[in-house]
Amino acid sequence: MIKATTKIAHAVGLHARPAAMVVKLVSSSGEKVTLSRLNQSPVNAASMLSVLSLGLKQGEEVEISIDSDEANDLMEQIVSLISTPLDE
Amino acid sequence: MKTINGIGVSPGVVSAPAFYVAKTKHAEIVLGSLSEILSALESVAKDLDSKAAQTNMTIAKDVIEAQAMIARDPELHSKIQSLIGESSSDLRIVLEKSFEQFKIDLTNLGGYFAERVSDLDEIKHLVVNKLLGLEEASIDIMSDSILVAEDLSPADTATINLKFVKGLVVSKGGPTSHTAIVARNLGIPAIVGAKGAENIRHGDFLLLNGRKGVVIVDPSSTEINSAIKRERELKNKTSRVSGPGRLKDKTLVNLLANAGNIQDAKKALELDAEGIGLFRTELLYLNQTKIPTINEQVALFSELFEMFNDKKIIIRTLDAGSDKPVPFLKSEKEENPALGVRGWRLVREHKQIISEQLKAISIAAEKSKCDVWVMAPMIDTPNEAKEFSGLAKSFGIKKVGVMIETPAAAILADKIFAEVDFASLGTNDLTQYVMAADRLDSRLSDLTNTWHPSVLRMIQIAGSYATKMNKPLGVCGEAGADPLLAAILIGLGVTSLSMSSNSIEEVKGFISTLTKSQCEKTALKVVRCSSAEQARDLAQKELN
C-alpha cells in the first residue's frame, strides 16, 4: 500500500475535466485506488460519482492510496493530475 | 397573443412555428434482472461514446464523456447489485434508489456539482428507454422551426438535425447553460430561463427576439415586421461572430488562449484562438530534474512558434516559488510563500535560468514568423520592470512586457508602462493580494472574488493608464473567461483577454453584443458597488 497527500490545484475543484482525467487514469490502470479528505472515509477513485461526491475544492488536501507497493509511477501521475492546474 | 420573458443569450429575431420537444414519460413498470440493467448501462455508455465522438463542440463533448463515465461507474453498479433482488424488480425504482445518495450529496455541494444531478436523470431516462427497447426518440425536424424544450442536454443537441432549427427557447438554464453556448455557436437566436415556455404548444407560431430575451406566441404581422426591421438595423451595425474578437461597434478585443504545453497550444488553434496570451513556461520543467539546455529549450519553443505561423504568442518567463515548486530549483522553506521569492523575484538567486530562457526564446523567435512577446511574472516596481526590459532586449526580444498582479504595480502602472511595451493583469494573484486572502484557502473563497469592487478599482487604475498611454493591457486570469466580467474589464481599459481555449467561443459571442461605451458605462457603475454580489448583479442587469 502506498500513500500520498496533495492539494487540489484546479480553480474549479476536483470536478469536470480534472475528475474525469483522474477516473480515466485509475480505471485504465486496473489498480485499486482510493481518495479521501484527510481522516475521512476513502472512496473508490475509479468511480466518477464517488469522486464528484467528495466535492473537493481548490486548495483542499486529498489523500491518495494505492493498494500495491509497485505503483509509484501511477501515484506520481495521479498526484501531478491533481496538483497541476489545468489553467491559471 | 402572449409574451414570455427570459434571458436573451444569443441575438437575432426569427418567427417560425414551435417544435416542442417533450421527453417521453415512462409510466409502465420495467421488470428486469441485474445482467439486463448492467448491459443496458453499458450500451447507453457506448451510445454516449459515439455521440461524444460525433460532436465537435468541446463543451458538449466533455459533458457527454462524463455521462458515459457515470454509466460505467463501478460504485453505481455495486449499488444496483445490492438493491436488486433475486426476482425481477422494477428497474426504474432500482435506478432511482441507486442514484438517491449521490443526488443528495451532489445537490448539497451546489454549483457545478448540483448540475450533475441532471446528468443522472438523463442517464436514467436513456437506460429505461434502452430496457424498453425504445429507440432514442430522435427529434426529426423537417421544416424551419423554433425548438422549445424544458432543457436541452448535450446529447440532445448532438443528435438534432440543426439545419431547420431557427431559434431555441428553453424554460430552464442560465446564460452559461449548455443551450446558450450551443446557440451562440450556431449563431441562432435563443432565450433561456423562459418561465412559461412549457405552456407553448407544438405548432404555435412564435416570434423570438434573442437580443431582448422575449418570445411572443401568435404575434401580429405588425409585430413581426417591426421586430425584424429593428433587428436588421441593429445587425447592420454589427459584424458576425466569426473572425477576430470584437465588440458590436467593431472595437477589436484580442481573444487569446492560455497554454502550458504543446497539447494546449494545439487545442487553442483548433478552437480558433487568435494566438496565445499566456504561455506558462514552468510546466515545461515540471518533470525535469535538471535545467533543460538552451538547445532543448530552443527546440521546444521552435515547435510552438511553427504551429502558430504568424500569430501572436505571449511567453511568460519562469513563474515558480516555494508555493509553485520546480524540481531543479531548490527553494527554501518560506513562512509566507505567496509573499516570498517567486516569479521575477527568482532573478535575485537564479538570474542564469531566466537569461537562458530569454536567449532560447529569442533564438527560436528569430527563426520563425511568429509574433513573439515576452513578459515577466510578479513585477512589483517600475525598477523591476526596467531591469527585466533591459535584460530581455539585450537578448533581442522585441516586445517586452510585465504582469501586473500586485497592488503596488497596479497603482504605479503609469511608471511601469513607461518601461515596457505592454502589460497583462494576472487577476487571480491580483485578487489575492488586494483582498489579502489566500487564493488556495477554500474557506476564504468569498473574499477571493475578482468581482469585488476593490479589485475592480485596482484594475481601473491600471486600465486608465493603459488607455492614456496607449499601451496594450491584457488579462490572463480566469476573470477573462467569465463573459460578464470580461465585458467589465473591457470597460475598464483592457484590450485583450486570454483564457482557457474552451471559453473563447462564449466570450466572443457575448462581447459581440455590446459596444465599448456600454462596457465603459457599466464598468463605472460597477466599481461604485460595495460588494462582489452587488457588482455582478448590476452588471448582469445592465448587460444582459
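Up top you'll find the structure we're talking about.
Quick caveat: nothing in here was measured; it's all calculated off a predicted structure.

1. Considerations on the overall build of chain A
Of the regular secondary structure elements, chain A holds three helices and four strands. Its helices and strands taken in sequence order, chain A reads β-α-β-β-α-β-α from the N to the C terminus. Taking as baseline every contact in chain A between residues at least 6 positions apart, the subset at least 24 positions apart corresponds to 71%. Counting only carbon and sulfur atoms, one obtains 48% of the accessible surface of chain A, whose full area is about 3800 Å².

2. A few points about helix α3 (residues 72–83) of chain A
Residue and element names in this part refer to chain A. Between its first and last C-alpha atoms α3 spans 16 Å; for 12 residues at 1.5 Å apiece the expected length is 16 Å, and the two agree. Here α3 has its buried residues at Leu74, Met75, Ile78 and Ile82. End-on view of α3: buried residues confined to an arc of 100°, all on one side of the axis. Away from the buried face of α3 by more than 90 degrees, exposed residues Asp73 and Glu76 are located.

3. Let's talk about a negative patch on the surface
Residues and elements named next belong to chain A. Together, Glu31, Asp67, Asp69 and Glu70 give the surface a local cluster of negative charge. For aspartate 69, the location among the structural elements is in the loop between β4 (61–66) and α3. Judged by relative accessible area, aspartate 69 falls into the exposed class, the value being 53%.

4. Describing the interface of chain B and chain A
Many descriptions give the size of an interface as the accessible area lost when the pieces come together. Contacts between the two partners involve 33 residues from chain B and, on the opposite side, 25 residues from chain A. Buried area between chain B and chain A, summed over both chains or domains, comes out near 2600 Å², and the portion from carbon and sulfur atoms is 58%. Connecting chain B to chain A are zero salt bridges. The tally of links from chain B across to chain A stands at four residue pairs in polar contact (both at pLDDT 80 or more). Those elements giving two or more residues to the side of chain B that touches chain A turn out to be α2 (58–71), α3 (74–83), α4 (91–109), α5 (111–115) and β12 (275–280) of chain B.

5. Here we look at the pattern of salt bridges
When the charged atoms of two side chains with opposite charge come close together, those side chains can pair. All names here are of chain B. Using the criterion set out here, one finds 19 salt bridges over all chains in the structure. With a shortest N-O distance of 2.9 Å, arginine 72 and aspartate 49 are connected by a salt bridge. Taken as a pair, arginine 72 in the loop between α2 and α3 and aspartate 49 in helix α1 (residues 34–54) lie far apart in primary sequence, 23 residues in all. On the basis of relative accessible area, arginine 72 is assigned to the partly exposed category, the value being 32%.

6. Looking at the sheet that holds strand β7 (residues 165–170) of chain B
Residues and elements named next belong to chain B. Overall, mixed pairing links the eight strands, which are arranged β1-β10-β9-β3-β6-β7-β8-β2 in an open sheet. A strand with exactly one partner marks an edge of an open sheet, and here the two such strands are β1 (2–5) and β2 (7–10). The mean inter-strand angle of the sheet, taken between neighbouring strand axes irrespective of direction, is 30°. Where strand β3 (residues 13–21) and strand β6 (residues 145–149) come together, four bridges link them in parallel fashion. Looking at β6, one finds that phenylalanine 19 is bridged to leucine 147.

7. A short note on the packing of α1(B) against helix α6 (residues 117–131) of chain B
All names here are of chain B. One can describe the packing of α1 onto α6 by two numbers: an axis separation of 9 Å at closest approach and a directional angle of 115°. The angle between α1 and α6 falls in the class roughly perpendicular. Like other packed secondary-structure pairs, α1 and α6 cross with a definite hand, here right-handed. The residues of α6 that touch α1, namely those facing Glu36, Ile37, Ala40, Leu41, Ser43, Val44, Asp47 and Leu48, are Ile123, Leu126, Val127, Lys130 and Leu131. Within the contact of α1 with α6, the residues separate by chemical class into nine nonpolar, one polar and three charged.

8. Considerations on the nonpolar core
The biggest cluster of nonpolar side chains holds 93 residues, and the ones touching the most others in it are B:Phe305, B:Phe388, B:Trp451 and B:Leu497. Beyond its immediate chain neighbours, meaning those up to four positions away, B:Phe305 contacts B:Ile313, B:Ile315, B:Ile361, B:Ala364, B:Ala365, B:Ser368, B:Cys370 and B:Val372. With 60 residues, the next largest nonpolar core counts A:Val23, A:Leu25, A:Leu74 and B:Val44 among its residues.

9. A word on the packing of aromatic side chains
All names here are of chain B. With the rule as written, the count across this model stands at three aromatic pairs over all chains. Centre to centre, the rings of phenylalanine 301 and phenylalanine 305 are 6.2 Å apart; their planes meet at 20°, and the pair counts as stacked. Here phenylalanine 305 and phenylalanine 301 lie together in helix α11 (residues 294–307), a separation of four residues that amounts to about one turn. Owing to a relative accessible area of 1%, phenylalanine 301 belongs among the buried residues under this scheme.

10. Re the environment of B:Ile7
Structurally, the position occupied by B:Ile7 is in strand β2. Residues B:Ile7 and B:Lys195, spaced 188 residues apart in sequence, show a C-alpha to C-alpha distance of 10.0 Å.

11. Details of the sheet that holds strand β14 (residues 371–379) of chain B
Residue and element names in this part refer to chain B. The strand order β11-β12-β13-β14-β15-β16-β17-β18 describes a closed barrel built from eight strands, whose pairing is parallel. For this sheet the average axis-to-axis angle between neighbouring strands, irrespective of direction, equals 25°. In terms of strand pairing, strand β15 (residues 399–404) meets strand β16 (residues 422–425) through four bridges, oriented parallel. In the strand pairing of β16, isoleucine 404 is matched with leucine 425. Docked against the sheet, helix α10 (residues 262–270) engages β11 (254–259) and β12, running at close to 155° with respect to β11. Where α11 meets the sheet, its contacts fall on β12, β13 (312–316) and β14, and the angle it forms with β13 comes to roughly 150°.

About the criteria used
Residues numbered from 1 in each chain as written. Chains lettered and ligands numbered in written order. Predicted model: local features only at pLDDT ≥ 70, side-chain atom pairs only at ≥ 80, totals over all residues. Heavy atoms only, no water. Helix = DSSP H or I, 4+ residues; strand = E, 2+ residues; numbered from the N terminus. Contact = heavy atoms within 4.5 Å. Areas by Shrake-Rupley, 256 points an atom, 1.4 Å probe, with all protein chains shown as cover. Expected span 1.5 Å × (residues − 1). Buried < 20%, exposed > 50% of the residue type's maximum accessible area, 1.4 Å probe, protein only. Arc of directions from axis to C-beta. Patch = residues over 30% accessible without salt bridge, like charges linked within 9 Å, V, L, I, M, F, W, Y side chains within 5 Å. Salt bridge = Lys/Arg side-chain N within 4 Å of Asp/Glu carboxyl O. Lys, Arg positive; Asp, Glu negative; His and termini not counted. Charge placed at Lys NZ, Arg CZ, Asp CG, Glu CD. Buried area = accessible area lost by both parts, 1.4 Å probe. Polar contact = N/O pair within 3.5 Å; in protein donor to acceptor, adjacent residues only side chain to side chain. Pairing = 2+ DSSP bridges. Axes fitted to C-alpha atoms, helices over the stretch in contact; angles between N-to-C directions. Parallel < 35°, antiparallel > 145°, perpendicular 65-115°, else oblique. Left-handed = near helix turned anticlockwise from the far one by under 90°. Nonpolar A, V, L, I, M, F, W, Y, C, P; charged D, E, K, R; others polar. Core = buried A, V, L, I, M, F, W, Y, C linked by side-chain atoms within 4.5 Å. Phe/Tyr/Trp six-rings, centres within 6.5 Å; stacked < 30°, edge-to-face > 60°.

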